[in-house]
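A closer look at the structure
Take a look at the letters that make up each chain.
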Amino acid sequence: MSPADAAGPADVVVALDVGGTGMKCALVRPDGSTVHTERHPTDAGRGPDAVVETILDVAEGLAGKARADGLDPVALGIAVPGVVDETAGVAVWSANVGFRDVPLRDLAAARLGLPTALGHDVRVGGLAEARLGAGRGTGHVLFVAIGTGIAAAHVVDGVAATGAHGAAGEIGHILVRPGGPRCGCGRDGCLEAVASASAIARRYAEATGGGLAGTPASAADVADRAAAGEPAAAGVWAEAVEALADGLATGQSLYDVESIVVGGGLAQAGPRLFDPLRAALHERMTFHRRPRLVAAALGDEAGCLGAALLALDAR
Ligand SMILES: [Zn+2]
């Protein structure tokens, strides 16, 4: 029986997707429809204890809002970035929120008195895209989020693999250009050092002598300028696309998926990303079956929806 089949007519899940700057929050029905959304600042600079208090307060407020509206909050799902031990319910490590071994699931379950699941932001986003979004109807999905960094979720039959230590899916740290640009992880030549949205902006600034006039160009600007035929932008963009194709080809060799769903800020580039990336990926396929390469469908709601699905699964 699926969670939706078991649901009561007024059941909702309280869902939070906690990022470094903001929290996206929602009340989600078991069928994946959203009945209420809120946004709150994370203010990570206050330190992890204050962030945890805000998460608990916001979750409690949402459960109260649900009850006031005649709904029945049945579970709580929280997504956070970094390394997440979903089995233990612990936010192990996060660079941008500052978590170090925070037992967030048990803290939240104690405060709200609801069954609670803690998940990784990209893995639950992949879960939502695989079950409700662009990967719907395909059993084997690789979801790749390209923004400040690059991370992935491998979802099989609606379940995202977590890895033995909560760190599965770090596709951004596949070595694609040995001796290439320095990555945030300390190694040279990782995929995300060449092809994340921030890497594209940084590499373009370096190639052009760095934003002398006005605001620095974003990755979207680089895509625009590449499409307009500007040589520096075209070079940086082409290098990013080739590196992404190498990374995704490695992913396809490992996972043999039906669909690769690309989300995050860079996916906003649309055909300027997907057309050359699809061609470059297919060039790299020899015996492999070609995956469908598609844009994510749920936008920045994916994390909240996925946190809700995870909570329903764990209930
Ligand atoms: Zn790296």
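This text follows the structure it describes.
Procedures and definitions
Residue positions are given per chain, counting from 1 as you read along its sequence in written order. With pLDDT at 70 or above as the cut-off, local features in this predicted model cover only qualifying residues; side-chain atom pairs require 80 or more to be listed or tallied, and sums for whole chains, interfaces and linings still use all residues. Side-chain measures were taken over the full set of non-hydrogen atoms in the model, leaving aside hydrogen atoms and water. Coordinating N, O and S atoms are those within 2.8 Å of the metal (3.2 Å for Na, K and Ca), and as water is not part of the atoms, a site may appear to have fewer donors than expected. Irregular is the default label, applied whenever a site is not tetrahedral (four donors, all angles between 85 and 135 degrees) and neither square planar nor octahedral (four or six donors, opposite donors over 155 degrees apart, all other angles between 65 and 115). Strands qualify as paired when DSSP identifies two bridges or more between them. In this description a helix means any DSSP run of H or I spanning at least four residues, a strand means any run of E spanning at least two, and both kinds are numbered starting from the N terminus. Lines are fitted to the C-alpha atoms to define the axes, a helix being fitted only along its stretch in contact, and any angle between axes, read from their N-to-C directions, falls within 0 to 180 degrees. Only heavy atoms enter the contact rule, under which two residues are in contact if any of them lie within 4.5 Å. Accessibility here uses a 1.4 Å probe with only protein chains present; expressed as a share of the type maximum, an area under 20% marks a residue as buried, one over 50% as exposed, and anything in between as partly exposed.

Structural notes on the coordination of the zinc ion
- Summarising the metal site, the zinc ion is bound by the protein donors His173 (ND1), Cys183 (SG), Cys185 (SG) and Cys190 (SG), whose distances to it range over 2.0 to 2.4 Å.
- Of note is the zinc ion, whose four donor atoms meet at the metal with angles of 102 to 122 degrees in an arrangement that counts as tetrahedral.
- Each donor residue of the zinc ion lies on one chain, and together they are spaced H-x9-C-x1-C-x4-C.

A look at the sheet that holds strand β4 (residues 72-80)
- Strand order in this open sheet of five strands is β3-β2-β1-β4-β8, and the pairing throughout is mixed. Pairing within the sheet leaves two strands with one partner each, and these edge strands are β3 (34-41) and β8 (116-120). Going across the sheet, the axis of each strand differs from the next one's by a mean of 20 degrees, ignoring polarity.
- Inspection of the sheet shows β4 paired to β8 by five bridges, in the parallel sense. The partner of Leu76 across the bridge, within β8, is Thr116.
- Where helix α3 (residues 104-112) meets the sheet, its contacts fall on β4 and β8, and the angle it forms with β8 comes to roughly 150 degrees.
- Contacts between helix α10 (residues 302-314) and the sheet are confined to β1 (11-18), β2 (22-28), β3, β4 and β8, with β1 contributing the most and set at about 125 degrees to the helix.

Let's talk about the pairing of β1
- The element β1 is extensively covered by neighbouring structure, given that eight of its eight residues are classed as buried.
- Burial along β1 is two-sided: Asp11, Val13, Ala15 and Asp17 and Val12, Val14, Leu16 and Val18, pointing in opposite directions, are all buried.
- As defined by bridge partners, β1 adjoins β4 across seven bridges and the pair is classed as parallel. Bridge pairing links Asp11 to Asp72 in β4.
- With six bridges joining them, β1 and β2 adopt antiparallel strand pairing. The partner of Ala15 across the bridge, within β2, is Ala26.

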